[in-house]
Amino acid sequence: MERGLLWLPLLGLFFWLAWAGWNEYQKVEAYQGWATQFDKAKYDIYAVLGQKGSQVTWGKPSRDKPIELKTFSLNEVQEIRLLVNDRPVTGENLPRKGTTALEFCLTNAEDSIKVPFTEIALAAKWKDYLIEQWRKARSRKDPQVP
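Residue indices follow the written sequence of each chain, beginning from 1 at its first position. Side-chain atom pairs in this predicted model are given and counted only at pLDDT of 80 or more, local residue features only at pLDDT of at least 70, and totals for whole chains, interfaces and linings cover all residues. As a rule here, side-chain values come from all non-hydrogen atoms in the structure, and water together with hydrogens is ignored.

Caption draft 1: Structural view of unusual backbone geometry. Positive phi is not limited to glycine here, since Asn85 has a value of about 55 degrees. Put simply, DSSP H or I for four residues or longer makes a helix, DSSP E for two residues or longer makes a strand, and each gets a number counted from the N terminus. On the secondary structure map, Asn85 appears in the loop between β5 (77-84) and β6 (87-89). Overall, Asn85 belongs to the partly exposed group, its relative accessible area being 43%. If you check the backbone angles, Asp86 has positive phi at about 60 degrees while not being a glycine. By relative accessible area, Asp86 is classed as exposed at 63%. For every residue, the accessible area (1.4 Å probe, protein chains only) is compared with the maximum for its type, and the residue is labelled buried under 20%, exposed over 50%, or partly exposed between those bounds.

Caption draft 2: Inspection of the side chain of Ser54 at higher detail. Its location among the elements puts Ser54 in the loop between β2 (48-52) and β3 (55-60). When residues no more than four places from it in sequence are discounted, the contact partners of Ser54 are Phe72, Ser73, Leu74, Asn75 and Ala137. Contact criterion: two residues are considered in contact whenever any of their non-hydrogen atoms come within 4.5 Å of each other.

Caption draft 3: Representation of a nonpolar patch on the surface. Residues Leu6, Trp7, Leu10, Leu13, Trp16, Leu17, Trp19 and Trp22 make up a contiguous nonpolar surface patch of about 970 Å² in total accessible area. Inspection of the secondary structure assignment puts Trp19 in helix α1 (residues 2-35). Overall, Trp19 belongs to the partly exposed group, its relative accessible area being 45%. Two distance rules govern patches: like charges are joined within 9 Å, and nonpolar side chains (Val, Leu, Ile, Met, Phe, Trp, Tyr) within 5 Å, applied only to residues with over 30% relative accessible area and no salt bridge. Here the Shrake-Rupley method, with its probe set to 1.4 Å, supplies the accessible areas, and only the displayed protein chains count as covering residues. The salt bridge definition used is simple: a Lys or Arg side-chain nitrogen within 4 Å of an Asp or Glu carboxyl oxygen.

Caption draft 4: Region of the structure containing α1. Helix length check: α1, at 34 residues, gives a terminal C-alpha distance of 51 Å against a target of 50 Å (1.5 Å per residue), a fit within 8%. The sharpest bend along α1 measures roughly 25 degrees and falls at Leu8, with the proline Pro9 sitting one to four residues further on. Buried residues belonging to α1 abut β1 (40-43), β2, β3 and β4 (67-73). Here the expected span of a helix is defined as 1.5 Å times the quantity of residues minus one. What is called the bend at a residue is the angle between a pair of axes, fitted to the seven residues leading up to and ending at it and to the seven starting from it.

Caption draft 5: Representation of the sheet that holds β2 in the model. A pair of strands is considered paired only if DSSP assigns at least 2 bridges between the two. One open sheet holds the four strands; their spatial order is β1-β2-β3-β4, and the pairing between them is antiparallel. Sheet topology places β1 and β4 at the edges, where each strand pairs with a single neighbour. Neighbour-to-neighbour, the strand axes of this sheet turn through a mean angle of 10 degrees, independent of strand direction. Pairing between β3 and β4: five bridges, direction antiparallel. Of the residues in β4, the one forming a bridge with Gln55 is Ser73. Here α1 sits on the sheet and contacts β1, β2, β3 and β4; the angle it forms with β1, its principal contact strand, is near 170 degrees. Axis definition: a line fit to C-alpha positions, over the contact stretch in the case of helices; interaxial angles, taken between N-to-C directions, run 0 to 180 degrees.

Functional significance is not addressed by these values, which are geometric in nature.
See the structure below:
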């Protein structure tokens, strides 16, 4: 009887891990269907992000489809920054740990948009890519902008 009681928590842990894996699988499947409409998209446990042309859409992953979606245009962006622990980071020497987000400072709003990431290196790659797309969008809008 004592052995059965010792194994019971392990059995509960096994079922919880199986449920968590199934739940995450459902989120990834929903994301894959959602991401087909974008030129480039990313998924992680904190946020989904999609970019098509100058439009950027982001939200939170869920089992049915991404929720709390917000869309903005790169034409409205004044600056794109990589934040680690809510501090801007620049250069090649990226921190190894910390809470990471991309911050989009909009020209017509006081608040900025922060899209969370799990990996600093991935966020840095997205920052570089989106800055390139931002410059392209600005040059199409105003040929005098470098």
